[in-house]
Amino acid sequence: MLQSISDFLDDHEEMIEAVRRDLERGLKNPGTGRGGLTPPQVLRSLILMRVKNWNYRELRERITDGYTLRQFTDFYCQPVPKHDAFNRAFNRLTPQTLQAVNELVVQAAVDLDLEDGQKLRVDTTVVQTDIHHPTDNTLLWDVVRVVTRLVLRLSAAVQQRIQGFRNRTRAARRRMQEIQRLTPKERHERQTEKYRELIGVAEEVVNSAQTVVEQTRKARGKDVAADLAIGELRKEINHYCELGDRAIDQARRRVLEGEQVPNAEKIYSIFESHTDLIKRGKVQTPLEFGHKVFLAESAKGLITQYEVLQGNPGDDQHVEPSLERHKETFGHVPELYGSDRGFFSENNVKSCKQNGVKVVCIPQRGGKKTARRKAYEKSPAFKQGQRFRAGIEGRISVLFRGRGMKRCLAEGHQRFELTVGAAVLANNLMRIAALLSKRTRRARKAA
């Protein structure tokens, strides 16, 4: 399988060039200086990491120990760098580059006659961000402990005692734990008082930290490295103070004033502030924290489209755009379009038919079905299309369990998109390798 993927990458150098442009971005003289990971090594190592669902340390150890993996990742007899070098190299890539590489992979599959685009099934899923379950008291506690830790580091960097800043982590932790331990009856009676105390502590810490940042505006370290460290610490303190102000305002409005804060104005983590709250009406997971991802899969198991969505848009908004993108890729709309009932609307069904889709397998959602609609949904073509549609659930399961897309452990929205794009790329290359191997076996049997 790895040999088939390697041969496929060797035949499509344009993918390597896309990675090269990202690695050279911002460098004045890319050809000079200390040698790092080459574009083929970066792309192949990223693919291997997602195919095997390894972390950075295991990736490095496996490549170092195995001749086969050295050959696949283009290291051969060269020394393999430490795990953090892989992390830095992967983070140089942009989501747009991985999107472009995925499009090149799909187009290559079309050119090789591995996929004709006659069928398309779509669905949305939620990829979690790496956060704990958010509550107002834990958010305030996170603000206090993180800001305090950064201020203490700044104090050590400037080598002087920070005036006017008190360490309130113990007081904040006690009040957070007291709120956590309240019984339902006690919560009704004492929650407001405890939250008012915790909010007061958090406000004091944030205001004092902002004063510290202003006081150290002209502070200098003993050398250039210390000056850079001081500047970065001041930026971090400002960043977390801004998030702290949002968390304090949110807790005050929700708990003290009893206001219903809109989801778009809420913050669910100060570490992954881009996290969205997703409600999909599922019994086992009524609330999910992360980002909604749209996926479109062909009959051969290739993910031809993917998109990380902002907020929690309705599924019915993606039908017409997915048809347009499919037409750009394959030159025609699919003969069969399958989805679950979340994508249904009268306009979507009409749009599919007007664009030339022969079998529109979108079950009706809500309302009373007409006799004609009931007969259509009981027809063999519709039932067969729905059985085909169910296959995308298995593909999502493979992405979650085998390609590391269940929970994004990377930090930041851009790295979140990189994780999704890398998982999709690994899936598509595995499917192409399997299809090419199957074609080779058939050719040998025919010969």
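Everything numeric in this text was worked out from a predicted model, so none of it was measured.

A.B. asks: Got a sec to walk through the overall build of the protein chain? Specific residues and values, please.
C.D. replies: On a plain count of helices and strands, the protein chain comes out with 17 helices and seven strands. Seen along its three principal axes, the alpha-carbon backbone of the protein chain occupies a region of about 80 × 65 × 35 Å. Among the 447 residues that make up the protein chain, the fraction classed as buried is 48%. Within the protein chain, residue pairs in contact and separated by at least 24 positions form 69% of the contacts whose partners lie at least 6 positions apart. Of the accessible surface of the protein chain, which amounts to about 23,500 Å², a share of 46% is contributed by carbon and sulfur atoms. Here the protein chain carries 78 positive and 57 negative side-chain charges, and the mean point of each set is 5 Å from the other.

A.B. asks: So what's going on with the pairing of strand S1 (residues 119-129)? Residues and values would help.
C.D. replies: Taking burial as the measure, the 11 residues of S1 include nine buried ones, the bulk of the element. Relative to strand S5 (residues 336-338), S1 runs parallel, the two being bridged by three bridges. Directly across from Arg121, in S5, lies its bridge partner Gly338. Inspection of the sheet shows S1 paired to strand S3 (residues 288-298) by nine bridges, in the antiparallel sense. Looking at the pairing, Val126 lines up with Lys292 of S3. As paired elements, S1 and strand S7 (residues 407-408) share two bridges and run parallel to each other. Of the residues in S7, the one forming a bridge with Thr129 is Cys408.

A.B. asks: Got a sec to walk through helix H9 (residues 169-180)? Specific residues and values, please.
C.D. replies: Between the first and last C-alpha of H9 there are 16 Å, a value that for 12 residues agrees with the 16 Å anticipated at 1.5 Å per step. Where H9 is concerned, the buried positions are Thr169, Ala171, Ala172, Met176 and Ile179. Along the axis of H9, the buried positions cluster into a sector of 165 degrees, meaning they face one direction only. Summarising the geometry of H9, the exposed residues directed more than 90 degrees from the buried face are Arg170 and Arg174. If you follow the buried residues of H9, they end up packed against helix H8 (136-158) and helix H10 (184-215).

A.B. asks: Provide a residue-level description of the pattern of salt bridges, including the pertinent values.
C.D. replies: For the structure on display, the rule yields 25 salt bridges. Between Asp136 and Arg254 there is a salt bridge, with its nearest N and O atoms 2.2 Å apart. Residue Asp136 is located in helix H8, and its partner Arg254 is located in helix H11 (residues 224-256); the two are separated by 118 residues in the primary sequence. For Glu297, the salt bridge goes to Arg395, with nearest N and O atoms at 2.9 Å. Linking Glu297 in strand S3 with Arg395 in helix H16 (residues 391-402), this pair joins segments that are 98 residues apart in sequence. Owing to a relative accessible area of 1%, Glu297 belongs among the buried residues under this scheme. Salt bridges sharing partners connect three or more residues here, namely Asp249, Arg253, Glu259 and Glu265.

A.B. asks: Provide a residue-level description of the packing of aromatic side chains, including the pertinent values.
C.D. replies: As enumerated under the stated definition, the model contains seven aromatic pairs in all. Ring centres of Phe294 and Phe343 lie 6.5 Å apart, and the angle between their planes is 55 degrees; on these two criteria the pair is classed as tilted. Within this pair, whereas Phe294 is found in strand S3, its partner Phe343 is found in the loop between S5 and helix H13 (346-355), the two being separated by 49 residues in sequence. Accessibility expressed as a relative area gives 0% for Phe294, which makes it buried. According to the relative accessible area criterion, Phe343 is buried, its value standing at 0%. Between the aromatic rings of Tyr376 and Phe382, the centroid separation amounts to 5.3 Å while the plane-to-plane angle is 65 degrees, which identifies the pairing as edge-to-face. Note on Tyr376: relative accessible area 29%, which makes it partly exposed. Connected via pairs of aromatic rings, a cluster forms that spans Tyr56, Phe75, Phe86 and Phe90. When the ring centre of Phe72 is taken as origin, the NZ or CZ atom of Arg44, which lies over that ring, is 5.7 Å away. The residue whose ring lies beneath Lys119 is Phe388, and the NZ or CZ to ring-centre distance is 5.3 Å.

A.B. asks: Before we move on, could you go through the packing of helix H1 (residues 2-10) against helix H17 (residues 413-446) and cite the residues and values that matter?
C.D. replies: Remark: H1 packs on H17, axes separated minimally by 9 Å, with the N-to-C direction vectors making an angle of 100 degrees. When the axes of H1 and H17 are compared, the pair comes out roughly perpendicular. Contacts between H1 and H17 pair Ser4, Ile5, Phe8 and Leu9 from the former with Leu429, Met430, Ile432, Ala433, Leu436 and Ser437 from the latter. Here the contact of H1 with H17 is composed, by residue class, of eight nonpolar, two polar and no charged.

Rules of the game
- Every chain begins its residue count from 1, and numbering advances along the sequence as written.
- Local features are withheld for residues below a pLDDT of 70 in this predicted model, meaning they are given only at 70 or higher, and side-chain atom pairs are given and counted only at 80 or more; totals for whole chains, interfaces and linings count all residues.
- Remark: hydrogens and water are excluded; side-chain values derive from all non-hydrogen atoms of the structure.
- In this text, helices come from DSSP runs of H or I with a minimum length of four residues, and strands from runs of E with a minimum of two, each type numbered from the N-terminal end.
- Exposed residues in this analysis have more than 50% of their type's maximum accessible area, buried residues have under 20%, and partly exposed residues fall in between, with area computed by a 1.4 Å probe over protein chains only.
- Note on contacts: a residue pair is in contact if any heavy atoms of the two residues lie within 4.5 Å.
- Per-residue accessibility takes into account occlusion by the displayed protein chains alone, with areas from the Shrake-Rupley method and a 1.4 Å probe.
- Positive: Lys, Arg. Negative: Asp, Glu. His and the chain ends are not part of the count.
- Lys charges are placed at NZ, Arg charges at CZ, Asp charges at CG and Glu charges at CD.
- Only strands joined by at least two bridges in the DSSP assignment are considered to pair.
- Expected span of a helix: the number of residues minus one, times 1.5 Å.
- This arc is taken over the directions from the axis of the helix to the C-beta atoms.
- Put simply, a salt bridge is a Lys or Arg side-chain nitrogen that is within 4 Å of an Asp or Glu carboxyl oxygen.
- Working definition: rings of Phe, Tyr and Trp (its six-membered ring) pair if their centres are within 6.5 Å, and the pair is stacked with planes under 30 degrees apart, edge-to-face with planes over 60 apart, and tilted otherwise.
- To sit over a ring, a charge needs its Lys NZ or Arg CZ within 6 Å of the ring centre and within 35 degrees of the ring normal.
- Simply put, an axis is a line fit to the C-alpha atoms, just over the touching stretch for a helix, and the angle between two N-to-C directions goes from 0 to 180 degrees.
- What sets the label is the angle itself: under 35 degrees gives roughly parallel, over 145 gives roughly antiparallel, 65 to 115 gives roughly perpendicular, and the rest give oblique.
- Charged means Asp, Glu, Lys or Arg here, nonpolar means Ala, Val, Leu, Ile, Met, Phe, Trp, Tyr, Cys or Pro, and polar covers whatever is left, Gly included.

The values are spatial; any link to function lies outside them.
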